[in-house]
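Coordinate inspection notes
Single-letter residue listing:
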Amino acid sequence: MTHAPCLTLKPIRAALFSVTHLQREVEKGQTFTVDLPAERGYFLMLYLKDAHHCDIADNGQQAQLIHYRSGSICLVDLAQGASICLHSSLDALGFVLPQTLFEELSEMAPDAAPRDLRCRRGELDAVMRNLGAALLPLLRGVGQTAPAALQHIAIAICAHLLHTYSSAPQRSQSGNAMLSVWEEKAAKEFMVDNLSHDIRVAAIAAQTGLSAGHFSQSFKHATGSTPHQWLIQVRVERAKELLADRAMALVTIAKECGFSDQSHFNKVFLRETGLTPAGWRLRGLQ
């Protein structure tokens, strides 16, 4: 990625906006580590193709591997720097966005108050996907770019991030913190995308930038179910779909749907539906 196409400009005053087309081939079974230096600002990745990578903690321990779909984003705070480990090839747009850029935007547009942004991981973002598509032709023609177009796109991206991913929490009339539509969507999509894995609440909460406790309370307030209850419901519904394939073994379905083993699958499915998986499949054949 040393010679990756990159565009940099000052869209408002002194703060720099930069975008780079990041491409890295990673062979199956191999990994590649990316380190981002600490600074007062954010790093945003917009995935142009599906990718798999995980965060690396300060102690070197790798977090849960996440599937990032094409059109999804990863937004991280660079206050402490950041490190990720790629487990697949990468084709994405990377944005470096200093905090001063958002402060300048707020002075230009008073309704865009300078707030911190929440970290997001794996959330589909149609607006960023469209803005990224507008940037790609400019990146392909580095050296012959249209500064005016880039300036407008840069400001649009910052305004969108402030409007959509601000850390200011919503609250219900009772005063309880609520999930935004985007936060609820991000959490649910993460659970569905990682259905076959052992998903911890902390990993789901990380998609919204909230603590595990705060997220669990807010998720139940928004959906009427705890994250665990909602995940069980999705796993059971997925199992029902797979049971229609008579050639698929029950132990395979259990694994695909994230149950620890076939015994756990039988117990949960019976509790939720009143039938064992085998009984459900038999009823479907009648």
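To be clear, the structure that these remarks concern was listed above.
Note that the structure is predicted; figures quoted are calculated from it, not measured.

Rules used throughout
Residues numbered from 1 in each chain as written. Predicted model: local features only at pLDDT ≥ 70, side-chain atom pairs only at ≥ 80, totals over all residues. Heavy atoms only, no water. Helix = DSSP H or I, 4+ residues; strand = E, 2+ residues; numbered from the N terminus. Areas by Shrake-Rupley, 256 points an atom, 1.4 Å probe, with all protein chains shown as cover. Pairing = 2+ DSSP bridges. Axes fitted to C-alpha atoms, helices over the stretch in contact; angles between N-to-C directions. Contact = heavy atoms within 4.5 Å. Phe/Tyr/Trp six-rings, centres within 6.5 Å; stacked < 30°, edge-to-face > 60°. Buried < 20%, exposed > 50% of the residue type's maximum accessible area, 1.4 Å probe, protein only. Lys NZ or Arg CZ within 6 Å of the ring centre and 35° of its normal. Polar contact = N/O pair within 3.5 Å; in protein donor to acceptor, adjacent residues only side chain to side chain.

**Some thoughts on the overall build of the protein chain**
Helices and strands together make up the secondary structure of the protein chain, namely ten helices and twelve strands. Entry remark: accessible area of the protein chain is about 14,600 Å², with carbon and sulfur atoms responsible for 52%.

**Regarding the sheet that holds strand β8 (residues 82-86)**
Spatial strand order, β3-β8-β5-β6: four strands in an open sheet with antiparallel pairing. Both outer strands of the open sheet, β3 (32-36) and β6 (66-68), are each paired with one neighbouring strand and no more. Taking each pair of neighbouring strands and ignoring which way they run, the sheet shows an average axis angle of 35°. Sheet topology note: the β3/β8 ladder contains five bridges and is antiparallel. Considered in β8, the bridge of L36 is made with A82.

**Things to note about the sheet that holds strand β2 (residues 17-24)**
Strand order in the open sheet formed by six strands is β1-β2-β9-β4-β7-β10, with antiparallel pairing between adjacent strands. In the strand order of this sheet, the two ends are held by β1 (6-9) and β10 (120-124), each with one partner. On average, adjacent strands in this sheet sit at an angle of 20° to one another, irrespective of strand direction. Note that strand β4 (residues 41-47) and strand β7 (residues 72-77) share five bridges and pair antiparallel. Across the sheet, residue L46 finds its bridge partner in β7, namely I73. Contacting β1, β2, β4, β7, β9 (90-98) and β10, helix α2 (residues 126-140) crosses the sheet at an angle of about 100° to β9.

**Some remarks on the packing of aromatic side chains**
How two aromatic rings sit relative to each other is set out by the distance from centre to centre and by the angle between their planes. In this structure the tally under the stated criterion is eight aromatic pairs. Between the aromatic rings of Y42 and F102, the centroid separation amounts to 6.0 Å while the plane-to-plane angle is 85°, which identifies the pairing as edge-to-face. In this pair, Y42 sits in strand β4 while F102 sits in helix α1 (residues 99-108), placing the two residues 60 residues apart along the sequence. The interplanar angle of 45° and the centroid separation of 5.5 Å between the aromatic rings of F215 and F219 together place this pair among those described as tilted. A residue pair is termed a helical-turn pair when its members lie 3 or 4 positions apart in one helix, as F215 and F219 do in helix α6 (residues 212-223) at four residues. For F215, a relative accessible area of 0% puts it in the buried group. Taken together, the ring pairs connect F259, F265, F269 and W280 into an aromatic cluster. The ring of F32 carries the charged tip of R24 above its face, separated from the ring centre by 3.7 Å. The ring of W280 has R283 sitting right over it, with the charged end atom 4.3 Å from the ring centre.

**Overview of the pairing of strand β5 (residues 51-55)**
Every regular strand shows the same layout, with side chains that alternate between the two sheet faces. Of the strand pairs in this sheet, β5 and β6 are connected by three bridges, and their pairing is antiparallel. Bridging across to β6, H52 finds its partner in H67. Here three bridges tie β5 to β8, and the two strands are oriented antiparallel to one another. Paired with H53 across the two strands is L86, which belongs to β8.

**Side note on the side chain of Q99**
Tracing the chain through its elements places Q99 in helix α1. A distance of 3.3 Å separates a polar atom in the side chain of Q99 from a polar atom in the side chain of Y42.

**Notes on the environment of D261**
Take D261: it is sitting in the loop between α8 (250-256) and α9 (262-273). Since its relative accessible area comes to 42%, D261 is described here as partly exposed. Within the structure, the side chain of D261 is placed 2.8 Å from the backbone nitrogen of H264, a separation counted as a polar contact.

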